[in-house]
Amino acid sequence: QFQNAKEKFIKAKERRKHCAEVYYQQSMCYKNQKNTKQQQASLENSIKMNPSQSDSHRELGILFSNQNQMNDARSQLEEALNLNYADTLSHFYLGKIMIHMKDYKDAEQHFLSSLDINPKFIDCMIELAKLKLKINQENEAKKYYMKAKEIKPKLIHAALEKIID
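Residues numbered from 1 in each chain as written. Predicted model: local features only at pLDDT ≥ 70, side-chain atom pairs only at ≥ 80, totals over all residues. Heavy atoms only, no water.

A. Broad picture of the packing of helix H3 (residues 54-66) against helix H4 (residues 70-83). For the pair H3 and H4, interaxial distance at closest approach is 7 Å and the crossing angle is 160°. Our classification of the angle between H3 and H4 gives roughly antiparallel. The handedness of the crossing between H3 and H4 comes out as left-handed. Judged by residue contacts, Ser54, His57, Arg58, Leu60, Gly61, Phe64 and Ser65 of H3 engage Met70, Asp72, Ala73, Gln76, Leu77, Glu79, Ala80 and Leu83 from H4. (Axes fitted to C-alpha atoms, helices over the stretch in contact; angles between N-to-C directions. Helix = DSSP H or I, 4+ residues; strand = E, 2+ residues; numbered from the N terminus. Parallel < 35°, antiparallel > 145°, perpendicular 65-115°, else oblique. Left-handed = near helix turned anticlockwise from the far one by under 90°. Contact = heavy atoms within 4.5 Å.)

Right, dumping it as structure tokens:
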């Protein structure tokens, strides 16, 4: 009897994970359609069904940041990182939020973590270069921008081009 109950529990848990994945995939469709209300609802349902799905937390954080709800965005992205610290995009978007919140040191740490995971993440190099420029570390800004240009030689960013001339 105990074994039967245990098997039912395991099956129910697997169904919940499957439903969470379905809600997550549905949210990506809504994202492509730019239907943010339905995207948010699907992501919230995904998290209810499987709170340990870091992708759902990350995407909800990104959605909140696009809606300028920075505290909610930060909370979701931090939860995504609690679940999966190797999530490059969560570090990247959390870095961008930290810049918005004027926490430049934390922003830098998240960008560096993102680059540790994916050393060829050009968008992250650009954000880090812009941050370094913002805090008057032009040589560091130049270093990251040049690294990005090594990977993508035709890359041009107007504000950063000025520091390499």
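B. Quick look at unusual backbone geometry. Backbone geometry places Asn68, a non-glycine residue, at a positive phi of 60°. Tracing the chain through its elements places Asn68 in the loop between H3 and H4. Note on Asn68: relative accessible area 51%, which makes it exposed. If you check the backbone angles, Lys102 has positive phi at about 65° while not being a glycine. Summarising the element assignment, Lys102 is placed in the loop between helix H5 (88-100) and helix H6 (104-117). (Buried < 20%, exposed > 50% of the residue type's maximum accessible area, 1.4 Å probe, protein only.)

C. Layout of helix H8 (residues 138-151). Between its first and last C-alpha, H8 extends 20 Å over 14 residues, near the 20 Å set by a 1.5 Å rise per residue. What H8 keeps buried is the set Ala141, Tyr144, Tyr145, Ala148 and Lys149. For H8, the buried positions fall inside an angular range of 140° around the axis, keeping them on one side. In this structure, H8 carries Asn139 and Glu150 as exposed residues pointing more than 90 degrees from its buried face. Where H8 is buried, its residues contact H6, helix H7 (122-134) and helix H9 (158-161). (Expected span 1.5 Å × (residues − 1). Arc of directions from axis to C-beta.)

D. Quick peek at the nonpolar core. Counting 21 residues, the largest nonpolar core has Phe111, Leu115 and Ile126 as the members making the most contacts within it. Elements supplying a minimum of two residues to this core: H5, H6, H7 and H8. Among the elements that make up this core, the one with the highest residue count is H7 (seven residues). (Core = buried A, V, L, I, M, F, W, Y, C linked by side-chain atoms within 4.5 Å.)

E. Representation of H3 in the model. Under the 1.5 Å per step criterion, the end-to-end length of H3 is 18 Å for 13 residues, consistent within 8% with the ideal 18 Å. Counting buried positions over the 13 residues of H3 gives 11, a clear majority of the element. At the C-terminal side of H3, Asn68 shows a positive phi close to 60°.

F. Expanded view of the pattern of salt bridges. One pass over the full model with this rule turns up nine salt bridges. We note a salt bridge from Arg58 to Asp87, for which the minimum N-O separation is 3.0 Å. In this pair, Arg58 is assigned in helix H3 and Asp87 in the loop between H4 and H5, connecting sequence segments 29 residues apart. Each member of the pair, Arg58 as well as Asp87, is classed as buried. (Salt bridge = Lys/Arg side-chain N within 4 Å of Asp/Glu carboxyl O.)

G. Layout of the confidence of the model for the chain. Averaged over every residue, the pLDDT of the chain is 91; residues scoring 70 or more account for 89%. Mean pLDDT values for the elements of the chain range from 74 in helix H1 (residues 2-32) up to 98 in H6. (pLDDT = per-residue confidence, 0-100.)

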